[in-house]
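Results of the structural survey
Below, each chain spelled out in residue letters.
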Amino acid sequence: MPGMGGGGLSTGNPVIIDAFHRLVFHQFLVVLALCLAGSLAWLLLSSSGSPLRIPTLEARPRMFLRNFFGLLWIVDGLLQYQPQMPLGFAGGVLRAGAESSPLWVRNLVDSAASIWDRQPIVLAVAVIWIQIGLGVWLLVARKGVASQLAGVASVIWALVIWLVSGFGGILAAGASLVIGQPGASILYAGAGVLLAVPLSWWQRDSCLVVARRVLGVFLVAMSALQAFPGRGMWTGTDGQGEATNPIALMAAEMASVKQPAATAWAVRSFGDLTTHAPLLVNGFFVFAFGLTGVLLFSSSPKRLRTARSLGGAATVIAWVFVENLGLFGGLSTDPNTMVPLFGLLLALTMGAKGSPVEEQVASEDASDRGANGEPLVANRGLPRLALLVSSVVAVAIIALGVVPMTAAWANGSTDPLLAETLNEPPQPVNFASLPFHLHDDQGRPFTQASFRGHVMVLTFLDPVCINECLEIASEFAVTNELLGASSTQVDFVAVAANRTYNSATVLRAFNRQQHLESQANWHFLTGKLSELERMWAYYAASTTNAPGGSMAIHSDLTYVINPEGRVRVIVNATPGETGILHDSFSELLARLIRPHLP
Amino acid sequence: MKKLLSMVALLSGVAVATAMSAGTATGVSATSLTPLGAAALPVALTAATTSDRLVTVVSDFGDLSRPRLRFADVLSGEGKQYLVATPPGMATNGGIVVATLGSTRTAALLPSQLLRFTPFARSTAHAEWLPGVTESLVARHPDAVAEAGRGIDLVDERGVLRTSTDLEHWKKVATPLPQWAKQARCKLRAVASGRGTAKPVLGLSCKAPTRSLVAVGETSLATGANTPRQLLRLQATDHGYVAVTSMPALGRVTIDQFNEALTVTSSVSVAIGNIRATAVHHEGSVVLLGTRGDREVVATIEGNSVRVVKAPKRARAVVLSLSGQTQVLSVIDHVRTEQASLVTVRSWNGQRWSVTGRFGVPVPYGSSM
């Protein structure tokens, strides 16, 4: 459902946003401490001897690529800080992006999104630090194995994103480079591969040539896809005059999100242009990307400059007028495909003679050049120790995200804050529980004393309820499992909450349906109507029969009663709409029970 | 080496393009698939039954297109005034099946959403409903429960269960199906328990075309040619049994009367389709609400005589009063404002429909969400 995330909560839920921002702040302090510790380590270690400075020559295209994608990762990390990200990412980005993909892709994406749904805050914060850490690592690790490892880490993370986002939508109906397929992350992965190869390869002719040709093939293939007939790219409207062109639809969708009026106007106008002149717009993109791809096969500096200019112009136009800068809407995770494509195009055509970069360094020593004639740049700044320390700090920042992310994936637990957010927070109380005389579905008598020495979790359930009471019973069963060995010290007690259907036989049918008859610490109790009414009144569970085919009406309050018979916590057990929220409630209830265990 | 690398790059690109084209095609076909809907049994069919003491109507109210906003209700009357007599304490989104005998009603409240067993309620002469339960799923058919002097029979997914009157202890009744029913892959859907037969009369739903949908033990009550059929009603009457069977392919409905010796005493075929409501009188008369051509009509079948008249607007239920007069209940639901549904009772006076009563039915919108 649009605007819903976290298994049914609104993406703008203030409690979740507040918790998200607080966790980011706390971890930011950790990052600051890491930076401080790194600085101190460097000072201490460097004071013990003269720092070793070994200038390393780095090809200018590599340096550009490293810095460009380092900054991009940091921008992506900062975008993850948007308040809607915890509850909006799984539905609004992952599932929405895979909507028109084949079923197996949707299933793959849904399994990843489900993990996010369970731990939205932890994972949203984790992604921030992973991406900022990657960016920092790429920026600081200029040479050696550390620099290559930063490239490898980029590839791994980019491929993870590409996988969980349904292969960047590449298998979706209407996939097109102009509207964002095959996903920015695959281009990040491509850049990462280039940064992961040994620095010496950059001095060989073959490295840049192959990279350019791979990019060239990619652009020709995407151009062919863009030109492929029958995909709606060459038509503006259908028979009824409704806009159907994917580029125009994308532009219209992007224009509808909250943003400055000028950018919205620009995108909307371009969408209108596409609707009215689809041949012109699509023809331009097909031509521009196709020719750029072909030109990238050339070794001629002139043709490479043409490729850079033409491809650069097309990417900028698509980025501004179709992808809407990729930054608006509250759920933007990156500036979309055109920016990394632009970066790759610039980096791989930098060796072309006469380019601005080349001219700038033309006076440098001619021996410090790559095989293609591209200049090599000496890193004369930081000593090796500083690079080592800063790389360690960057890796530690990444670990700040990777460790909780892996733990969330491995243990499958659900954040109890989700259930707490759905209803009001649990209320700590301290009053005596009510003595009672009831019996279970087998006719065995139970009184208040029957549960002394154990924690009693008391609630009121309608045995012929068609939804919530059954869900609450299931949540209790999951809580029982979460308590593990401690569950022997806990009794889950439900009192019948129905004026008509409260016989032992009905309770037995309920227990059997829910497979609770074998759970030793589950007790569904009933008794005389007067005794039930006394319980309902004391625990604010007043039960009435509404007319016209309605379920019995009663509250969903649940009471945690300590081993001494004192009520210590009241929690609203009204279940959420999804299994995620049910699991979250089970986690919450287990957390509320544990402090009172004998 | 350069050429080799170029070739690898070129092949990679072609593979990517091919994958994307294939993926695009897959995506289109995946989204264009439409799931096939299973044929629904007529539990939502509005069913009325007239015993010698009571008129009982079971009908849905609320938003009929949304199960969570659609509530079944029991209406009780004698011909002019009707009361809402829905058993309390249970959501009725799943529908209600009612069996009547004299002044006694037994209602099975069919489960919906997450519930997987069937609560019951029994009332005599408008007294308070007494609850009961069976841990099985009662068949979704208007006649899946039958009152008999010796107790109550119900049809569930395994066969026929019988109880005395406590509604909590049920025993399985042996109900062997005839060979033809097994061959036609028939399942039990309805039951009628008359006074004259020790064994219950069974109503069937079959996958293959059959001559009949009614059987008693190994005996089949054959009434026609092999054709796809749907059993709309199966009721015990004062003189035996009545079975109402539709043949959708032919656009006809057959009303078969059997005596207590299970011999067919009359068989009437009426050209009427899309049956939405039925009513059965204890003397064997039947009223149907359906369509003939593009007109909504009400057909009354008494013995061998058939009367078909145009139905009033918004007709939802048909009824035979205690005296045998044909009535139609027209309903206006107030889904948007979530107010009570308004029911208008019209009786056929031999010439035209005349309004003989109006009443409201409360609809608990939102209570089953």
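Residues numbered from 1 in each chain as written. Chains lettered and ligands numbered in written order. Predicted model: local features only at pLDDT ≥ 70, side-chain atom pairs only at ≥ 80, totals over all residues. Heavy atoms only, no water.

**Quick word on the overall build of chain B**
Per the secondary structure count, chain B includes two helices and 28 strands. Split into buried and exposed, the 369 residues of chain B put 56% on the buried side. For chain B, long-range pairs separated by at least 24 residues make up 43% of all intrachain contacts whose partners lie at least 6 apart in sequence. (Helix = DSSP H or I, 4+ residues; strand = E, 2+ residues; numbered from the N terminus. Buried < 20%, exposed > 50% of the residue type's maximum accessible area, 1.4 Å probe, protein only. Contact = heavy atoms within 4.5 Å.)

**Notes on the sheet that holds strand 14 (residues 566-572) of chain A**
All names here are of chain A. An order of 5-14-13-8-9-10 is seen for the six strands of this open sheet, with the pairing classed as mixed. Strands with a single pairing partner mark the edges of an open sheet, and in this sheet they are strand 5 (427-432) and strand 10 (522-525). Averaged over all pairs of adjacent strands, the angle between strand axes in this sheet comes to 25°, irrespective of strand direction. Sheet analysis places strand 8 (residues 455-461) next to strand 13 (residues 557-561), joined by four bridges and oriented antiparallel. (Pairing = 2+ DSSP bridges. Axes fitted to C-alpha atoms, helices over the stretch in contact; angles between N-to-C directions.)

**What to know about the packing of helix 12 (residues 301-321) of chain A against helix 13 (residues 338-348) of chain A**
Residues and elements named next belong to chain A. Packing of helix 12 against helix 13 brings their axes to within 9 Å, and their N-to-C directions diverge by 170°. Taken together, the axes of helix 12 and helix 13 lie roughly antiparallel to each other. Residues Ala-307, Arg-308, Gly-311, Gly-312, Thr-315, Val-316, Ala-318 and Trp-319 of helix 12 touch helix 13, and the partners they reach there are Met-338, Val-339, Leu-341, Phe-342, Leu-345 and Leu-346. Residues belonging to the contact of helix 12 with helix 13 are distributed by class as follows: ten nonpolar, three polar and one charged. (Parallel < 35°, antiparallel > 145°, perpendicular 65-115°, else oblique. Nonpolar A, V, L, I, M, F, W, Y, C, P; charged D, E, K, R; others polar.)

**Quick notes on unusual backbone geometry**
Residue and element names in this part refer to chain A. The omega torsion across Gln-181 and Pro-182 is 10°, close enough to zero to call that bond cis. Structurally, Pro-182 can be placed in the loop between helix 6 (144-164) and helix 7 (184-196). Residues other than glycine seldom take positive phi values, yet His-515 does so here, at roughly 55°. Within the element layout of this structure, His-515 appears in the loop between helix 18 (504-513) and strand 10.

**So, the pairing of strand 18 (residues 240-247) of chain B**
Residue and element names in this part refer to chain B. The buried count for strand 18 comes to eight of eight residues, which makes it a mostly enclosed element. Joining the antiparallel neighbours strand 17 (residues 230-237) and strand 18 is a turn of two residues. Sheet topology note: the strand 18/strand 19 (residues 252-259) ladder contains eight bridges and is antiparallel. By the bridge assignment, Val-244 is partnered in strand 19 with Ile-255. Hairpin connection of strand 18 to strand 19: four residues between the antiparallel strands, including Gly-251 at a positive phi of 70°.

**Some thoughts on the pattern of salt bridges**
Residues and elements named next belong to chain A. This structure, assessed with the given rule, holds 17 salt bridges over all chains. Across the pair Arg-22 and Asp-18 runs a salt bridge whose closest N-O atoms are separated by 3.2 Å. Linking Arg-22 with Asp-18, this pair stays in helix 1 (residues 14-47), spanning four residues, or about one helical turn. Overall, Arg-22 belongs to the partly exposed group, its relative accessible area being 44%. Via salt bridges that share partners, Glu-58, Arg-62 and Arg-66 belong to a single interconnected network. (Salt bridge = Lys/Arg side-chain N within 4 Å of Asp/Glu carboxyl O.)

**Details of the confidence of the model for chain B**
The pLDDT averaged across chain B works out to 84; a share of 86% of its residues lies at or above 70. Note on residues 1-43 of chain B: pLDDT is under 50 here. Beyond four places in sequence and across chains, it has 45 contacts. (pLDDT = per-residue confidence, 0-100.)

**Quick word on the sheet that holds strand 12 (residues 171-173) of chain B**
Residues and elements named next belong to chain B. If you walk across this open sheet you meet the four strands as 9-10-11-12, and the pairing is antiparallel. The open sheet has two free edges, formed respectively by strand 9 (145-148) and strand 12, since each of these has just one partner strand. Strand-to-strand twist in this sheet, taken as the mean axis angle between neighbours without regard to direction, amounts to 30°. Pairing of strand 11 (residues 160-163) with strand 12 involves three bridges; the strand directions are antiparallel. In the strand pairing of strand 12, Val-160 is matched with Val-173.

**Description of the state of the cysteines**
What the rule picks out here adds up to one disulfide over all chains. The thiol of Cys-465 of chain A is unpaired, and the distance to the nearest cysteine sulfur, on Cys-469 of chain A, comes to 3.5 Å. (Disulfide = S-S within 2.5 Å.)

**Structural notes on the environment of Pro-426 of chain A**
Residue and element names in this part refer to chain A. In this fold, Pro-426 is placed in the loop between helix 16 (417-422) and strand 5. Residues Pro-426 and Leu-588, 162 residues apart in the sequence, show an inter-C-alpha distance of 9.2 Å. Look past the residues within four positions of Pro-426 in its chain and what remains in contact with it is Glu-420, Val-569, Ile-570, Val-571, Leu-588 and Leu-592.

**Some words on a positive patch on the surface**
On the surface, a cluster of positive charge is made up of Arg-295, Lys-310, Lys-313 and Arg-314 of chain B. Relative to the helices and strands, Arg-295 of chain B is located in strand 23 (residues 295-302). (Patch = residues over 30% accessible without salt bridge, like charges linked within 9 Å, V, L, I, M, F, W, Y side chains within 5 Å. Areas by Shrake-Rupley, 256 points an atom, 1.4 Å probe, with all protein chains shown as cover. Lys, Arg positive; Asp, Glu negative; His and termini not counted. Charge placed at Lys NZ, Arg CZ, Asp CG, Glu CD.)

**What about the pairing of strand 27 (residues 339-348) of chain B?**
Residue and element names in this part refer to chain B. In this sheet, strand 27 lies alongside strand 26 (residues 326-334) in antiparallel orientation, the contact comprising seven bridges. Bridging from a neighbouring strand, His-334 pairs with Gln-339 of strand 27. In textbook terms, the turn of a hairpin is the stretch between consecutive antiparallel strands, and for strand 26 and strand 27 this stretch comprises four residues, one of which, Glu-338, has a positive phi near 55°. Direction of pairing for strand 27 relative to strand 28 (residues 353-361): antiparallel, over a ladder of eight bridges. Its bridge partner lying in strand 28, Ser-341 is registered against Val-361. Following strand 27, the chain reverses through four residues before pairing antiparallel with strand 28; Gly-350 in that reversal takes a positive phi of roughly 100°.

**Topic: helix 13 of chain A**
In terms of burial, helix 13 of chain A is a largely internal element, nine of the eleven residues being buried. Along helix 13 of chain A, the positions that sit buried rather than exposed are Met-338, Val-339, Pro-340, Leu-341, Gly-343, Leu-344, Leu-345, Ala-347 and Leu-348 of chain A.

**Overview of the packing of aromatic side chains**
Residues and elements named next belong to chain A. With the rule as written, the count across this model stands at 24 aromatic pairs over all chains. Relative to Phe-167, the ring of Trp-162 has its centre 5.3 Å away and its plane inclined at 80°; by these criteria the two rings are edge-to-face. Residue Trp-162 is classed as buried on the basis of its relative accessible area, which comes to 18%. A residue is classified by how much of its surface remains accessible, and Phe-167, at 14% relative accessible area, is buried. Members of the aromatic cluster, joined through ring pairs, are Phe-64, Phe-68, Phe-69, Trp-73 and Tyr-188. (Phe/Tyr/Trp six-rings, centres within 6.5 Å; stacked < 30°, edge-to-face > 60°.)

**Some points on the environment of Asp-238 of chain B**
Residues and elements named next belong to chain B. Topologically, Asp-238 is positioned in the loop between strand 17 and strand 18. The exposure class assigned to Asp-238 is partly exposed, which follows from its relative accessible area of 32%. With 46 residues separating them along the chain, Asp-238 and Gly-284 place their C-alpha atoms 7.4 Å apart. Among the polar contacts listed, one links the side chain of Asp-238 to the side chain of His-282, at a separation of 2.6 Å. (Polar contact = N/O pair within 3.5 Å; in protein donor to acceptor, adjacent residues only side chain to side chain.)

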